[in-house]
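Chain by chain, the residues:
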Amino acid sequence: MADKNREKRREPQLSSSGREMPATDFAITTVNFPDRLDVREVNDRQIEDDHNVREPRFDSYVVGQWLKRFAAVAILAGAVYGLFLLVRPLLNDLAAPQLAARLSRTLGQQVKVQSSGFRVSPSPRVTINGVDVGDQVHLDEVALTINWPEAIQALRGARWTGGEAVVSPSKFTMAQASQLLAVLPRLKTAFPASIATVRFESVQITDAPMLPGRYEVVSRRTASGAFEVATVHELGIDGTMDLKLTPAADSDRVAFALDATNWRAPYRPKIRWSEVNSTGTFAPHQIDATFSISAFYGVTQGSVSLAQSSDGEDWILSGKASGANLDVDAIVGQAMGREASSVAKGDASIPVTGTATMNLALAGRGSTPDMAVRTLAAAGPLQIRWATLNGINLGYVATRPAPGGALTGPGGSTRFTDLEAMVVADASSLTLKDIDGRAGAMSTRGQITVADDNSLSGNLRVDLGASRVQAPLFLRVSGKVEKPLYGG
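Residues numbered from 1 in each chain as written. Predicted model: local features only at pLDDT ≥ 70, side-chain atom pairs only at ≥ 80, totals over all residues. Heavy atoms only, no water.

## Some points on the overall build of the protein
Link 1 in the chain: Within the protein one finds nine helices and 25 strands.
Link 2 in the chain: Going through the 488 residues of the protein one by one, you find that 35% of them count as buried.
Link 3 in the chain: Restricting the contact set of the protein to residue pairs at least 6 apart, pairs at least 24 apart contribute 44%.
Link 4 in the chain: Taken as a whole, the protein presents about 28,700 Å² of accessible surface, with 56% of it coming from carbon and sulfur. (Helix = DSSP H or I, 4+ residues; strand = E, 2+ residues; numbered from the N terminus. Buried < 20%, exposed > 50% of the residue type's maximum accessible area, 1.4 Å probe, protein only. Contact = heavy atoms within 4.5 Å. Areas by Shrake-Rupley, 256 points an atom, 1.4 Å probe, with all protein chains shown as cover.)

## Description of the nonpolar core
Link 1 in the chain: Counting 97 residues, the largest nonpolar core has Phe 200 and Trp 273 as the members making the most contacts within it.
Link 2 in the chain: Every residue in contact with Trp 273, bar those within four places of it in the chain, is listed here: Thr 261, Asn 262, Trp 263, Ala 265, Ile 293, Ser 294, Ala 295 and Tyr 297. (Core = buried A, V, L, I, M, F, W, Y, C linked by side-chain atoms within 4.5 Å.)

## Remarks on helix H7 (residues 328-335)
Link 1 in the chain: Among all positions of H7, only Val 328, Asp 329, Ala 330, Val 332 and Gly 333 are buried.
Link 2 in the chain: Tucked into the core, H7 has its buried residues touching strand E16 (315-327), strand E17 (352-366) and strand E18 (377-390).
Link 3 in the chain: With a side-chain oxygen lying 3.1 Å from the backbone nitrogen of Asp 329, the N-terminal cap of H7 falls on Asp 327.
Link 4 in the chain: One or two residues past the end of H7 sits Gly 337, with phi positive at roughly 90 degrees. (Polar contact = N/O pair within 3.5 Å; in protein donor to acceptor, adjacent residues only side chain to side chain.)

## A few points about unusual backbone geometry
Link 1 in the chain: The phi torsion at Asn 325 lies on the positive side, around 55 degrees, for a residue other than glycine.
Link 2 in the chain: You will see that Trp 386, though not glycine, has its phi angle at about 50 degrees, which is positive.
Link 3 in the chain: Here Trp 386 lies in strand E18.
Link 4 in the chain: On the basis of relative accessible area, Trp 386 is assigned to the exposed category, the value being 59%.

## Observations regarding the environment of Phe 200
Link 1 in the chain: Position of Phe 200 among the secondary structure elements: in strand E8 (residues 195-205).
Link 2 in the chain: The class of Phe 200 is buried, set by a relative accessible area of 14%.
Link 3 in the chain: Along the sequence, Phe 200 and Pro 169 sit 31 residues apart, while their C-alpha atoms lie 6.9 Å from each other.
Link 4 in the chain: The contacts of Phe 200, once residues within four sequence positions are left out, are Leu 139, Val 167, Phe 172, Leu 180, Tyr 215, Glu 216 and Val 217.

## Side note on the pattern of salt bridges
Link 1 in the chain: In total, this model carries six salt bridges according to the counting rule given.
Link 2 in the chain: Its salt-bridge partner being Glu 164, residue Arg 199 comes within 2.6 Å of it at the nearest N-O pair. Here the residue Arg 199 occupies a position in strand E8, and Glu 164 occupies one in strand E6 (residues 163-167), the gap between them amounting to 35 residues.
Link 3 in the chain: Here Arg 365 and Asp 314 are joined by a salt bridge, their closest N and O atoms 3.2 Å apart. Here Asp 314 lies in the loop between strand E15 (298-308) and E16 and Arg 365 lies in strand E17, a separation of 51 residues in the sequence. (Salt bridge = Lys/Arg side-chain N within 4 Å of Asp/Glu carboxyl O.)

## Things to note about the environment of Leu 245
Link 1 in the chain: When you line up the elements, Leu 245 lands in strand E11 (residues 240-247).
Link 2 in the chain: Since its relative accessible area comes to 8%, Leu 245 is described here as buried.
Link 3 in the chain: Considered as a pair, Leu 245 and Glu 228 are 17 residues apart in the sequence and their alpha carbons are 8.5 Å apart.
Link 4 in the chain: Ignoring anything within four residues of it in the chain, the contact list for Leu 245 reads Leu 181, Glu 228, Val 229, Ala 230, Val 232, Val 254, Ala 255, Phe 256 and Phe 282.

## Quick notes on the pairing of strand E13 (residues 272-283)
Link 1 in the chain: Strand direction decides the pairing type here: strand E12 (residues 254-264) and E13, joined by ten bridges, are antiparallel. Within E13, the residue paired with Ala 255 across the bridge is Thr 281.
Link 2 in the chain: Looking at chain direction, E13 and strand E14 (residues 286-295) are connected through nine bridges and run antiparallel. Looking at the pairing, Ser 278 lines up with Phe 291 of E14. (Pairing = 2+ DSSP bridges.)

## Some details on the pairing of strand E9 (residues 214-221)
Link 1 in the chain: Bridging between E8 and E9 involves five bridges; their strand directions are antiparallel. In the sheet register, Thr 197 faces E9, and the bridge partner there is Arg 220.
Link 2 in the chain: Inspection of the sheet shows E9 paired to strand E10 (residues 227-235) by seven bridges, in the antiparallel sense. Paired with Arg 221 across the bridge in E10 is Phe 227.
Link 3 in the chain: Connecting E9 to the next strand, E10, in antiparallel fashion are five residues, including Gly 225 with a positive phi near 90 degrees.

## Regarding the packing of aromatic side chains
Link 1 in the chain: Enumeration according to the criterion identifies three aromatic pairs in this entry.
Link 2 in the chain: Consider the rings of Phe 172 and Phe 200, whose centres lie 6.3 Å apart with planes at 80 degrees: the pair is edge-to-face. Pair noted here: Phe 172 is in strand E7 (residues 170-172) and Phe 200 is in strand E8, with a separation of 28 residues, a long-range link. Just as Phe 172 is buried, Phe 200 falls in that class too.
Link 3 in the chain: With a centroid separation of 5.3 Å and 85 degrees between ring planes, the pair formed by Phe 296 and Tyr 297 is classed as edge-to-face.
Link 4 in the chain: Here Tyr 297 falls in the buried class, since its relative accessible area comes to 13%. (Phe/Tyr/Trp six-rings, centres within 6.5 Å; stacked < 30°, edge-to-face > 60°.)

## A closer look at a nonpolar patch on the surface
Link 1 in the chain: On the surface, Trp 66, Leu 67 and Phe 70 cluster together to form a nonpolar patch covering roughly 360 Å² of accessible area.
Link 2 in the chain: According to the relative accessible area criterion, Trp 66 is partly exposed, its value standing at 44%. (Patch = residues over 30% accessible without salt bridge, like charges linked within 9 Å, V, L, I, M, F, W, Y side chains within 5 Å.)

## Brief notes about the confidence of the model for the protein
Link 1 in the chain: Put simply, the protein has an average pLDDT of 81, and 77% of its residues get 70 or more.
Link 2 in the chain: Across residues 4-10, confidence stays below pLDDT 50; counting only partners more than four residues off in sequence or on other chains, it has three contacts. (pLDDT = per-residue confidence, 0-100.)

## Here we look at the environment of Gln 204
Link 1 in the chain: Within the secondary structure layout, Gln 204 lies in strand E8.
Link 2 in the chain: Here Gln 204 falls in the partly exposed class, since its relative accessible area comes to 29%.
Link 3 in the chain: Setting aside residues no more than four positions away along its own chain, Gln 204 makes contact with Ser 170, Lys 171, Phe 172, Gly 213 and Arg 214.

The following block contains the structure:
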């Protein structure tokens, strides 16, 4: 039987092309039977794996990464420790009891400090908490800060300079703010020499309606090492307002210089000033200042004094203001609610146009400085060159009076060669008294009042002069600034 099978296996085989293939003694099978070499290879691999488990391999990449991390941590720890060594004398110097005693001695009044500490983030700083200056002023936190680059320079042996004493957001009364200004020159020795700047991040004055915003207050050491000037910058406004305050070392007076651009004053008239410059001094009972105001209509200059009365009951304001070449078109256009840029010179839609000159006396009285400013009144002569009254031709109306005294306004315009009046203005109205306008032989006299809501009231008398025998025309003025009405 075995011989028959052997013979069958030796029969020639044919390939797919039909050619005869040589006979073989081996049978082709799909079953993989491992031989002796295969078994030995498997055993060798198992032995190698067991050896690797018992003795881990050295991975240079992983070790390098961990070494870098350890080095970074070590450098950071060294920097923090070095910084601590650097600020330790400062911490000892600014410990709450020692600091309170030194500030009390330097400022000449009792100062209390609750605690002090040190923080690294977001920048190195010593924090002084709960500072009470006298019985009035309380500061939640004062942080003595320094930038990281300056700290690194200090670690290399350089002097620690350029630090700031930053006061957290605070609210003060005017009396408290004045008290802080009074002690400003004495801070020269109150803080370490490394503190070059004192900064109040945000200050609000609670009892001064004339200062309704939030203000950043900054004072920097001068070449002499003293804090001599405080700069006040208004926050959160479209324009800019910077006020420099310089306390006098030997008195309670403070010199100031105000510079503002594109700024809206917090009281009437609430218009946007292109540029405001003012200098002067103030003390607890008096303020004196000169000013120059530029706006869309021109420049106004003057001076003002605000002093407490002898009996201490009221504040009295007095002063003067003058302006030349003032653009009446722009002033009236602004009163109508139009932007200055949209008002062209000689615009016929503006009721009154021309160029004005004025000299006004200022006066006010109130129980507080703010009330005295809010009751401010101005009075003085006004002259308008090339004045034109648009919307009515007074000469035409005077010769053709409307029957029955009906409201008239046939259009046209009246050009005056001269126009003068006395201005009386306060917070609620503006009155042009003793109006005297001339256009050739025709004269116009009267009085017109513009109320706070732009409503008009008054009367005009138009006289054609000796060249024409005719009774004078009396006109009643009403309506609004935007649309005056004239009636008999």
